[in-house]
Amino acid sequence: MRQLFTISLLFSTLRLATPLVLAAIGGLYSERSGVINIALEGLMLAGAFTAASVTFYASSPSIGLAAAIVAGVAVAVIIALACIRFKADQVVTGTGINIMFLGLPAVLSGALFLSSGSTPQIPKDYLLPTIYQFLERIRPAAFPDWIPRWRILTDVSLITLIALLVVLITAYVLYRTPFGLRLRAVGENPEAADAAGVSVNKIRFIGVILSGALAGIGGAYLSIGQSSLFTRNMTAGRGFIALAALIFGKWRPVQTALACLLFGFADALTIQMQGVAKLPSGEDIPVQFIQMIPYVVTIVVLAGFIGQSRAPKAIGIPYEKER
Amino acid sequence: MKLLREILFPLIAVIAAFVIGGIVVLIIGDSPIQTYKLLIGSAFSWPDGIGYTLFLATPLIFTGLAVAVAFRCGLLNIGAEGQLYIAAFAAAWVGIKFGGISVGLPGAPPVNTPYASLPMLILVPLCCIAAVGAGAIWGGIPGLLKARFGSHEVINTIMLNFIAVALVSYFTQYHYKVPGDAIMQSAEISSKAHIARLGKFIPGLPERIPLNLAFILAILACVFVYVLLWKTKWGYEIRATGQNPSAAEYGGISIRKQIILAMAISGGLAGMVGINEVLGYRYRYYDGFSADYGFVGIAVALLGRNHPVGVFLAAILFAILLRGGIFVDAFTMKVSKDIVQVLLGILIVLVASEAMFRGPLKKFALIKRAKV
């Protein structure tokens with residue numbers, strides 16, 4: 001078992017947790033404001049596909065990343081319009097968006113690249129850089145000479161660093177700023193927030209749009225960071241795992257990020273254990289059982305066996321202003 | 001007026017979805033009219049078009065009914081997908097283990113030996129019971145969790161979907177696959193567990209078209225759900241719980257019991273997809289067979305207004321699109337069959353955002369009244 005727990009496992013955990021963290025924190029903004037976001041999966045797919053196609057044409061990962069954010073926000077606006085303006089059922093809307101984005105990238109890639117669901121390979125130079133590559137690129141002359149020696153520590157994607165910052169900023173915004181207070185108030189007790197002069201629907205709109213932007217970045221990381229093209233349904237349920245992490249983390253930023261790390265670790269372990277780890281009887285441990293861990297954990301947590309996880313009180317209920 | 005509204009809003013949503021989808025097709029650079037001609041027109045030829053359309057509608061009727069029953073109790077069952085996977089595997093398992101099938105290569109020692117070799121008259125019902133029972137259990141779990149711990153059924157059903165897929169894939173890969181088979185599928189079930197294809201009874205319908213007795217079962221299931229919900233005490237209690245839980249509880253109805261019951265019935269209905277798939281079509285469990293039937297079922301129920309008749313019609317409509325998708329793939333330049341999923345997604349969002357149409361319509365009605 002010892003060779004399993006290496007530094008590469010740690011880094012693979014970080015890599016796999018990055019998109020989860022971004023999507024889960026995105027979901028946090030939406031859900032703390034009182035709008036369930038089942039559509040994280042669809043938002044990530046939108047971001048991933050847009051990032052890959054735009055990067056392919058523009059040959060620039062930063063334009064690709066920006067486009068992914070725009071795509072995430074655009075889809076989020078649809079969700080917000082449906083759920084907030086037209087008071088649609090939030091779960092149903094989210095499911096619709098998820099189904100739509102199983103199909104739309106495939107339709108568009110068919111039209112743009114004459115392929116059935118994937119984008120062309122993007123050259124290595126146009127992918128989102130690691131911290132190392134980034135430092136190398138911005139200051140080639142004054143490249144600090146200690147960096148190469150610590151290369152292993154800087155060999156994670158720049159997006160991983162951004163994800164970390166997002167968590168810290170979110171923790172600050174949520175608990176230390178007026179906006180954070182309003183966001184929480186709108187999700188817990190919209191009537192009281194409204195009475196205090198907060199525009200419930202406006203705050204919720206912002207919450208949903210932030211979730212679109214962050215899930216879009218998460219998607220971009222998948223297609224032009226971790227991989228070098230978009231493939232059909234490449235999120236493979238990560239949007240739902242992010243949702244699970246959000247619940248496991250009790251809708252709090254730092255705990256949610258830790259839950260993402262845990263699920264990322266389970267994922268990394270699955271990859272490393274294939275054919276390595278054996279049961280005492282000498283058989284392989286079936287990967288399916290490791291894959292199940294995050295989902296089982298979520299159910300157990302929700303049932304209250306490992307501490308209570310309480311959702312924002314007004315979640316899922318469209319706000320009806322009294323007249 | 002109520003009936004008109006029940007039909008009018010879904011109709012407007014369908015038309016609006018087609019218009020938006022048409023714009024997407026136009027942007028991509030194909031003709032929307034030609035695409036829709038292929039998409040809808042391909043379903044009406046005899047025997048292939050109609051046969052395949054009804055075959056594709058069968059699982060959607062089951063999942064649509066499943067979602068509708070849960071909806072009527074105020075629950076959203078996103079877990080039909082997981083329930084039908086577990087159920088399909090259960091049906092195949094019974095068809096193998098009680099059908100006298102040894103899993104293994106001929107000549108080599110078997111991986112898995114059967115318990116019994118039952119005659120058809122017992123084996124087929126047993127397989128059906130296994131499918132419905134497994135689905136009911138898998139659906140009942142989130143019901144129980146909600147009733148006992150108050151945890152939300154939406155999250156639990158999503159989680160159980162993933163667990164179901166992993167579990168069934170484990171059993172297929174490690175215990176019920178013929179060794180060396182490159183495809184993730186179980187061994188074939190006993191021929192005594194097959195149910196007849198409708199081609200056997202209908203002249204002119206060849207038996208290669210997989211439309212089978214499960215379609216008749218689907219129609220019966222529609223009748224069953226109608227009778228259950230509107231003609232029995234159970235159904236009354238389920239609907240009362242869905243409409244106003246506190247009033248229902250005050251009236252002496254145990255909400256917890258209704259939640260578990262509704263989810264179990266819902267899961268059982270979803271599980272019937274396994275009968276169509278395993279006993280009537282592929283005669284084995286095929287990993288990943290479901291084309292999102294569970295999720296499309298949500299759209300079917302929504303468009304069908306959670307009523308069996310509506311569910312039936314909506315399932316047929318979606319099946320027409322799914323069937324037509326194949327021809328869109330083959331005969332248009334750029335649009336692929338995935339446009340069907342886009343249309344479905346747009347449709348779900350539009351149906352959910354009913355208020356969007358209601359507002360303008362109300363204004364329209366007011367204007368008319370003012371003129372009079």
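The subject of this paragraph is the overall build of chain A. Counting its regular elements, chain A contains 13 helices and 0 strands. Of the regular secondary structure in chain A, the N- to C-terminal order runs α-α-α-α-α-α-α-α-α-α-α-α-α. Out of the 323 residues in chain A, the part that is buried amounts to 52%. Long-range contacts, defined here as pairs at least 24 residues apart, represent 77% of the contacts in chain A between residues at least 6 apart.

Turning our attention to the overall build of chain B. In terms of regular secondary structure, chain B is built from 15 helices and 0 strands. Counting all 372 residues of chain B, 56% fall into the buried class. Across chain B, the fraction of contacts at a sequence separation of at least 24, relative to all contacts at a separation of at least 6, is 76%.

So, about the interface of chain B and chain A. Contacts between the two partners involve 40 residues from chain B, matched on the other side by 38 residues from chain A. Among the secondary structure elements, those contributing two or more residues to the side of chain B that touches chain A are helix H5 (120-149), helix H6 (153-176), helix H12 (293-303), helix H14 (339-352) and helix H15 (355-371) of chain B. Per-element tally for the side of chain B that touches chain A: the top contributor is H6 of chain B, with 12 residues. In terms of residue class, the side of chain B that touches chain A is made up of 29 nonpolar, 8 polar and 3 charged.

What follows covers helix H10 (residues 200-226) of chain A. All names here are of chain A. In this model, H10 (27 residues) spans 38 Å end to end at C-alpha, consistent with the 39 Å of a helix rising 1.5 Å per residue. Its maximal kink placed at Ala 220, H10 deviates by approximately 25°. Most of H10 is tucked away: 23 of the 27 residues are buried.

Every buried residue belonging to helix H8 (residues 178-188) of chain A is among Arg 182, Leu 183, Ala 185, Val 186 and Gly 187 of chain A, and all of these are buried. Buried residues belonging to H8 of chain A abut helix H1 (7-32), helix H7 (158-176), helix H9 (190-195) and H10 of chain A.

Between two packed helices, the angle of one axis relative to the other and the distance separating the axes together describe the packing. Residue and element names in this part refer to chain B. H14 packs onto H12 with a crossing angle of 40° between their chain directions and a minimal axis gap of 10 Å. One way to sum up the angle between H12 and H14 is to call them oblique. Where H12 crosses over H14, the handedness of that crossing is left-handed. Here Val 296, Ile 298, Ala 299, Leu 302 and Leu 303 of H12 lie close against H14, whose contacting residues are Leu 344, Leu 347, Ile 348, Val 351 and Ala 352. For the contact of H12 with H14, the residue count by class is 10 nonpolar, no polar and no charged.

Take the packing of helix H3 (residues 48-72) of chain B against helix H13 (residues 308-331) of chain B next. Residue and element names in this part refer to chain B. With their axes 7 Å apart at the nearest point, H3 and H13 run at an angle of 135° to one another. Accordingly, the angle class assigned to the pair H3 and H13 is oblique. For H3 against H13, the interelement crossing comes out right-handed. Here Gly 49, Tyr 52, Thr 53, Leu 56, Ala 57, Leu 60, Ile 61, Gly 64, Leu 65 and Ala 68 of H3 lie close against H13, whose contacting residues are Pro 308, Val 311, Phe 312, Ala 314, Ala 315, Ile 316, Phe 318, Ala 319, Ile 320, Leu 322 and Arg 323. Of the residues in the contact of H3 with H13, the class split is 17 nonpolar, 3 polar and 1 charged.

A separate point is the environment of Asn 276 of chain B. All names here are of chain B. Position of Asn 276 relative to the elements: it lies in helix H11 (residues 273-282). As for Asn 276 and Asn 212, which are separated by 64 residues in sequence, their C-alpha atoms are 7.1 Å apart. Ignoring any residue separated from it by four or fewer positions in sequence, one finds Asn 276 in contact with Thr 58, Pro 59, Asn 212, Ala 214 and Tyr 281.

Okay, the nonpolar core next. Formed by 229 residues in total, the largest nonpolar core has its most connected members in Ala 91 and Ala 131 of chain B. When residues in this core are grouped by element, the largest group, 15 residues, is from H3 of chain B. Once residues lying within four places of it in the same chain are set aside, the contact partners of Ala 131 of chain B are Ala 87, Ala 88, Ala 90, Ala 91, Gly 271, Met 272, Gly 274 and Ile 275 of chain B. Membership of the second largest hydrophobic core comes to 7 residues, among which are Val 186, Ala 193, Val 200 and Ile 203 of chain A.

Residue and element names in this part refer to chain A. Looking at the element boundaries, Gly 249 is found in the loop between helix H11 (238-248) and helix H12 (253-273). Counting along the chain gives 202 residues from Gly 249 to Gly 47, while the straight-line C-alpha distance between them is 24 Å. When sequence neighbours within four positions are dropped, the list of residues in contact with Gly 249 reads Gln 255, Thr 256, Leu 258 and Ala 259.

Let's shift gears to the environment of Ala 196 of chain B. On the secondary structure map, Ala 196 of chain B appears in the loop between H6 and helix H7 (213-231). Other than its neighbours up to four places away in sequence, Ala 196 of chain B contacts Asn 212 and Leu 213 of chain B.

Residue and element names in this part refer to chain B. Considering every residue of chain B, the mean pLDDT works out to 90; 96% of them sit at 70 or more. Model confidence for chain B, summarised as mean pLDDT per element, is weakest for H15 at 64 and strongest for H7 at 97. Here the prediction assigns the complex a pTM of 0.88, and the interface score ipTM is 0.87.

The rules behind the values
Residues numbered from 1 in each chain as written. Chains lettered and ligands numbered in written order. Predicted model: local features only at pLDDT ≥ 70, side-chain atom pairs only at ≥ 80, totals over all residues. Helix = DSSP H or I, 4+ residues; strand = E, 2+ residues; numbered from the N terminus. Buried ≥ 20, exposed ≤ 12 C-beta atoms within 10 Å, placed from the backbone. Contact = placed C-beta atoms within 7 Å. Nonpolar A, V, L, I, M, F, W, Y, C, P; charged D, E, K, R; others polar. Expected span 1.5 Å × (residues − 1). Bend = angle between axes of the 7 residues up to and from the residue. Axes fitted to C-alpha atoms, helices over the stretch in contact; angles between N-to-C directions. Parallel < 35°, antiparallel > 145°, perpendicular 65-115°, else oblique. Left-handed = near helix turned anticlockwise from the far one by under 90°. Core = buried A, V, L, I, M, F, W, Y, C linked by C-beta atoms within 7 Å. pLDDT = per-residue confidence, 0-100.

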